[in-house]
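# Working through the structure, step by step
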Amino acid sequence: MEEIVKNIEEDFKGESITQFLESEAMKSTQQAKADQKKTADDVDGKEVPAQQELTKIAMVRTAVPNGSNTFSDVDFPVKSQGLKPSPSVGIHLKCFDLAASASMSPSETKSAIGVGSENSSCNGNGASSQMMEEAWERLKKSVVLYKGSPVGTLAALDPIAESLNYNQVFVRDFVPSGLAYLMKDPPEPEIVKNFLIKTLLLQGREKRIDNFTLGEGVMPASFKVLYDSYRKKDTLNADFGGSAIGRVAPVDSGFWWIILLRSYTKCTGDYSLSEEPEVQRGMKLILDLCLSDGFDTFPTLLCTDGCSMIDRRMGIYGYPIEIQALFFFALRCAKQMLKPEVAKELIEKIDKRITALSFHIQTYYWLDFTQLNNIYRYRTEEYSHTAVNKFNVNPESIPDWVFEFMPMKGGFFIGNVSPARMDFRWFLVGNCIAILSYLATPVQAAAIMDLVEARWQDLIGEMPLKITYPALDGHQWKIVTGCDPKNTRWSYHNGGSWPVLLWLLTAASIKTGRPQIAKRAIDLVEQRLSKDGWPEYYDGKTGRYVGKQARKYQTWSIAGYLVAKLMIENPANLVMISLEEDKKITKPRLTRSFSWSP
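## Observations concerning the overall build of the protein
A count of helices and strands for the protein gives 22 helices and 15 strands. Residues classed as buried in the protein amount to 58% of the 598 residues present. In the protein, the share of contacts with a sequence separation of at least 24, taken over all contacts with a separation of at least 6, comes to 73%. By element, 50% of the accessible surface of the protein is carried by carbon and sulfur atoms, the whole surface being about 26100 Å².

Here you go:
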């Protein structure tokens, strides 16, 4: 740590990095206040466009009572707030503060935090710049208009393959597209705002699959803009899972919606949207589905297969890490944006669940060399509260590959934990989201990145990144996937490589002070992704081959690359998709291991 700070300060020729950034932050804050006052004078008395749409939503469902327009415990807007140092990164997050970077060029910002290399393609050479330009052009072509306004991006624009449902706007797919427009210089937040409002409007519709009505808070998996020739106007047609392969409602859509809402507010400093009664009600409906009383003995969410990005049968039923991490992330984001005067009871529930969930995941999902050895020595059939093997997991169920895969230094959150069952597979989305949401402790976050570096060939290979590892094969593949011909070994969700995940790895790398990991992965992507036609996924143990059923010009492959580049070029963008430690959360007592050694 001292060596990093010393190197940074040398770049500023004697002036300390802290002094430099504090002075820049002060200048930026003064400018921001002046701009804010000017903006307030300019718009005084004018109606906010979003209010017109939100009025329509209020007509569809009962709105919550109006409260005061005051946030509690919220750190918006970013341009006028500093960030506290985080022990999970190699440098202080003060360097990531947008206030400090507002008056600095991207190259100065990178130099200030130690990101950037003259010999790296991530530094903006000719080929990389051309690829960025192509990515922006293709992202713009995917934009969907509703009554003349942008409301999202199509899933893919493959001119050869059958469109199927790739001609729709998917909620989870739009997140990297929305982040790209928010991180763009200058930002273009209009499409994100419109998307948030339109999906909120769709949430208010009745949702039926056959004769069953879904919960009021369920967000759509996707929507499509259709033109009604009779009424001569655009209409929105939403899918809540009824048209999906497995007919499963998307559990993650609502969580991504809340996270993107927070990103929009963080970027723009405009929290009037999140304070609107209908937006407050939308968040409440989503969380009511997750926080309702039941027979649960765990704080985790019970889910079925196909409820997330892995939308086919892949054995993730139960309590998958991806959903638990997104749930935790959404809870913390919602807690920042909910107004206490209209959601006091809900906020209390959120506080309790955050504490219980963080303890459960950090304690029971964590696997490193020491914990693996402990599980290997577990006794079974233990009773009472003194049991060590709390889930009665039989050590004989540990797959052989885990013993070879686990390095002495490193660790990760396993895929699933439930009675007598542990899914030891690696799932990238859940582990990266755990880092960004601070579900992972600083030492756990560092251990996850240690594992990525130690098992680079397995998890990254020739084309980033493995969505799961390892692949299911043989009899196990038949039983778990139901002989799914799309999820064969090392393909699609079964160990396929997904370029869209690059943005998550980049964000996690920057947050943990390891930007070199992201730069190395971006270098690999820039060698092939554009030449291969921006495919959805790659096949093979190392990701060498374009996926056998992969769509070309997949929008989130394009957007994922853009977001990764925008963050590595200006790490201040990280604050839009990252949270800091909540010191009110009670920390579990965790056994130290080799992977946690300083």
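## Concerning the sheet that holds strand 7 (residues 233-239)
Here three strands make up an open sheet; going across it, the order is 3-6-7 and the pairing antiparallel. What marks the edges here is a single partner per strand, and that holds for strand 3 (169-170) and strand 7. Note: strand 6 (residues 222-228) against strand 7, seven bridges, orientation antiparallel. Looking across to strand 7, one finds that Asp-228 is bridged to Lys-233.

## A few points about the nonpolar core
Of all hydrophobic cores here, the largest spans 163 residues; its most connected members are Trp-257, Ile-258, Leu-501, Trp-503 and Tyr-561. Here this core gets twelve residues from one element, more than from any other, and that element is helix 12 (residues 321-337). Apart from residues lying up to four places away in sequence, Ile-258 is in contact with Met-283, Ile-286, Leu-287, Ala-330, Cys-333, Ala-334 and Met-337.

## Focus on the side chain of Lys-565
Take Lys-565: it is sitting in helix 22 (residues 555-569). Residue Lys-565 is classed as buried on the basis of its relative accessible area, which comes to 0%.

## What about the pattern of salt bridges?
In this structure the tally under the stated criterion is 20 salt bridges. The residue Lys-184 makes a salt bridge to Glu-188 at a minimum N-O spacing of 2.7 Å. A residue is classified by how much of its surface remains accessible, and Lys-184, at 16% relative accessible area, is buried. Via salt bridges that share partners, Lys-335, Asp-351 and Asp-582 belong to a single interconnected network.

## A short note on the packing of aromatic side chains
Across all of its chains, the model carries 22 aromatic pairs by this definition. When the centroid spacing of 5.6 Å and the interplanar angle of 65° are considered together, the rings of Trp-401 and Phe-405 count as edge-to-face. Highlighted residues: Trp-401 and Phe-405, both in helix 15 (residues 400-405), separated by four residues, approximately one helical turn. The exposure class of Trp-401 is partly exposed, given its relative accessible area of 24%. When its relative accessible area of 4% is taken as the criterion, Phe-405 is described as buried. Relative to Trp-426, the ring of Phe-412 lies with its centre 5.9 Å away and its plane at 65°, an arrangement referred to as edge-to-face. Residue Phe-412 is found in strand 9 (residues 411-413), and its partner Trp-426 is found in strand 12 (residues 426-427); the two are separated by 14 residues along the sequence. An identical accessibility class is assigned to Phe-412 and Trp-426; each is buried. Three or more aromatic residues joined by ring pairs make a cluster, and in this case those are Trp-401, Phe-405, Phe-412, Trp-426, Tyr-469 and Trp-490. One Lys or Arg, Lys-184, reaches over the ring of Trp-136 and ends 4.8 Å from the middle of that ring.

## Digging into the state of the cysteines
Evaluation of the coordinates by the stated rule reveals zero disulfides. No disulfide involves Cys-303; its sulfur sits 4.3 Å from that of Cys-307, the nearest cysteine. Judged by its relative accessible area of 11%, Cys-303 falls in the buried class.

## Describing helix 8 (residues 190-203)
Across its 14 residues, helix 8 extends 20 Å between first and last C-alpha, which sits within 8% of the 20 Å expected from 1.5 Å per residue. Within helix 8, 13 of the 14 residues are buried, which leaves the element mostly enclosed by the surrounding structure.

## Section: the side chain of Ser-128
Its place among the elements puts Ser-128 in helix 6 (residues 126-141). Among the residues examined, Ser-128 registers a relative accessible area of 3% and is labelled buried. Here Glu-526 takes part through its side chain, which lies 2.9 Å from a polar atom of the side chain of Ser-128.

## Structural notes on the packing of helix 7 (residues 171-183) against helix 8
Look at helix 7 against helix 8: their axes get within 9 Å of each other, and the N-to-C directions meet at 150°. For the element pair helix 7 / helix 8, the angle class is roughly antiparallel. Within the contact between the two elements, helix 7 uses Val-171, Phe-174, Gly-178, Tyr-181 and Leu-182 and helix 8 uses Ile-191, Val-192, Phe-195 and Thr-199.

## Details of the confidence of the model for the protein
Looking at the protein, pLDDT values average 85 and 77% of them are 70 or higher. In the predicted structure, residues 38-48 sits below a pLDDT of 50 and forms two contacts with residues beyond four places in sequence or in another chain. Confidence drops under a pLDDT of 50 for residues 116-124, and excluding neighbours within four residues, the segment shows 21 contacts in the predicted structure.

Conventions used here
- Residues numbered from 1 in each chain as written.
- Predicted model: local features only at pLDDT ≥ 70, side-chain atom pairs only at ≥ 80, totals over all residues.
- Heavy atoms only, no water.
- Helix = DSSP H or I, 4+ residues; strand = E, 2+ residues; numbered from the N terminus.
- Buried < 20%, exposed > 50% of the residue type's maximum accessible area, 1.4 Å probe, protein only.
- Contact = heavy atoms within 4.5 Å.
- Areas by Shrake-Rupley, 256 points an atom, 1.4 Å probe, with all protein chains shown as cover.
- Pairing = 2+ DSSP bridges.
- Core = buried A, V, L, I, M, F, W, Y, C linked by side-chain atoms within 4.5 Å.
- Salt bridge = Lys/Arg side-chain N within 4 Å of Asp/Glu carboxyl O.
- Phe/Tyr/Trp six-rings, centres within 6.5 Å; stacked < 30°, edge-to-face > 60°.
- Lys NZ or Arg CZ within 6 Å of the ring centre and 35° of its normal.
- Disulfide = S-S within 2.5 Å.
- Expected span 1.5 Å × (residues − 1).
- Polar contact = N/O pair within 3.5 Å; in protein donor to acceptor, adjacent residues only side chain to side chain.
- Axes fitted to C-alpha atoms, helices over the stretch in contact; angles between N-to-C directions.
- Parallel < 35°, antiparallel > 145°, perpendicular 65-115°, else oblique.
- pLDDT = per-residue confidence, 0-100.

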